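Analysis of the macromolecular model
These are the residues of each chain, in order.
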Amino acid sequence: MSNSHTADSLTQRLEHGQRFWASEAGKALIDVQRACLGPVIEGRSGGHALEMTMGPSLLGLSAVPHVIEWVPTLTHAEQSSSLICPPSELALPDACLDISLIHHWLEHLPDAEQTLQEAARVTADHGILIILGFNPLSINHLARRLSPGRQGARRHSPSQLREWLAFVDFTVERVDYCGFHCPIFCSSQKARCRESWETWGRRLNVPLGESYIIQAKRKQPQAPAERVKFGVNPTAATHSLGVARGSSRSATYRAQQCSVHQTSADHNEESKR
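The structure reproduced in this document is the subject of the present report. (Residues numbered from 1 in each chain as written. Predicted model: local features only at pLDDT ≥ 70, side-chain atom pairs only at ≥ 80, totals over all residues. Heavy atoms only, no water.)

**Overview of the pairing of strand β2 (residues 66–71)**
We count it as follows: Three exposure classes are used, based on accessible area relative to the maximum for each residue type with a 1.4 Å probe and protein chains only: buried under 20%, partly exposed in between, and exposed over 50%. Numbering of helices and strands starts at the N terminus; helices are DSSP runs of H or I of at least 4 residues and strands are runs of E of at least 2. Strands are treated as partners if at least two bridges between them are detected by DSSP.
By the criterion of burial, β2 is predominantly enclosed, with 5 of the 6 residues buried. Of the pairings in the sheet, the one linking strand β1 (residues 48–53) to β2 comprises 4 bridges and is parallel in character. Its bridge partner being in β2, Leu-50 is matched across the sheet by Ile-68. Where β2 meets strand β3 (residues 83–84), 2 bridges bridge the pair, whose relative direction is parallel. Across the sheet, the residue bridging to Trp-70 is Leu-83, located in β3.

So, in structure tokens, the structure goes:
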């Protein structure tokens, strides 16, 4: 694998992230992410999808018949047809995917913009690009700042990703927040309190959830507008300026003028005689 990211460094990042997703906090967050992602993909039942995930599969239970798993090395491949390549150089043709999903990888890659650009490249015009990331303004992050298993992860805000997506001609259709829990008011044993925070947070879509889900689509080119022509004679428009001046009407007018001048000249000549 020839890239600025070696297979070893990508493997370390993946294993580092998987330790969190295997923890109780990670499992709880992945459950609410699946619940929030469900309405986004439930209407898509055909085509191909690419999944770049730090944790367990999110598209495994979807109706998409062909889900391609991306992994940095063969060791982590769970499918016989896994895609193994640098994340910034996806070995896929342009516009071939109905769904491209990036699950928390952008936070662990120094060239996150290139990876996002590649994901946009392989997404079809009618497809959807889905990005899941940690919210830098989440209640949990602001309360603790540091959290086990996520040291070193750089949180990108939805507004920053909106700018990156605009650069590759993608527009954000919707941003959903999930993972609402406040350690100040709800302890780990108060499940009812956490469920209440999650219910109201997702219902109001408050931008304070632990995670966000961005849905983006390629900008569709606008149909060219037909230019309006004012006061143009279709018949005369096909002639050049010289031909238009030599039209039959102008020739008749000049013939009449010549006849008048000739009659006046004859009259003067007759008077002299």
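**Focus: helix α6 (residues 191–204)**
For the record, the criterion: Each residue after the first adds 1.5 Å to the expected span of a helix.
Over its 14 residues, α6 extends 20 Å from the first C-alpha to the last, a length consistent with the 20 Å expected when each residue adds 1.5 Å. Looking at the residues trailing α6, positive phi occurs at Asn-205, about 50 degrees.

**Considerations on the nonpolar core**
The test is simple: Only buried residues count toward a nonpolar core. Its members are Ala, Val, Leu, Ile, Met, Phe, Trp, Tyr and Cys residues joined through side-chain atoms within 4.5 Å. Note on definitions: a residue-residue contact is assigned when non-hydrogen atoms from the two residues lie within 4.5 Å.
Counting 57 residues, the largest nonpolar core has Leu-50, Trp-105, Leu-129, Ile-130 and Leu-165 as the members making the most contacts within it. No other element matches the 7 residues that helix α2 (residues 24–41) contributes to this core. Leave out the neighbours within four places in its chain, and Trp-105 touches Leu-10, Arg-13, Leu-14, Met-52, Thr-53, Met-54 and Trp-70.

**A word on the environment of Gly-46**
Within the fold, Gly-46 resides in the loop between α2 and β1. Judged by its relative accessible area of 33%, Gly-46 is partly exposed. For the pair Gly-46 and Pro-65, spaced 19 residues apart in the sequence, the C-alpha separation amounts to 6.1 Å. Sequence-distant contacts of Gly-46, defined by excluding residues within four places in its chain, comprise Val-64, Pro-65 and Asp-98.

**Focus on the sheet that holds strand β5 (residues 123–134)**
As a reminder of what qualifies: Each axis is a line fitted through C-alpha atoms, and for a helix only the stretch in contact is used; angles between axes span 0 to 180 degrees, taken between their N-to-C directions.
Spatial ordering of the open sheet is given by β3-β2-β1-β4-β5-β7-β6, a layout of 7 strands whose pairing is mixed. Pairing within the sheet leaves two strands with one partner each, and these edge strands are β3 and β6 (170–178). Where β6 meets strand β7 (residues 211–218), 8 bridges bridge the pair, whose relative direction is antiparallel. Residue pairing for β7: Cys-178 is matched across the bridge by Ser-211. Strands β5, β6 and β7 of the sheet are contacted by helix α5 (residues 158–167), whose axis makes an angle of about 160 degrees with β6.

**What to know about the packing of aromatic side chains**
Applicable threshold: Only the six-membered ring of Trp is used, alongside the rings of Phe and Tyr, when aromatic pairs are assigned; centres must lie within 6.5 Å, and planes under 30 degrees apart are stacked while those over 60 apart are edge-to-face, with the rest tilted. A ring is scored as having a charge over it whenever the NZ atom of a lysine or the CZ atom of an arginine sits within 6 Å of its centre and within 35 degrees of its normal.
Counted by the stated rule, this structure contains 4 aromatic pairs. Site record: aromatic cluster; members linked through ring pairs are Phe-20, Trp-21 and Phe-134. When the ring centre of Trp-200 is taken as origin, the NZ or CZ atom of Arg-203, which lies over that ring, is 4.8 Å away.

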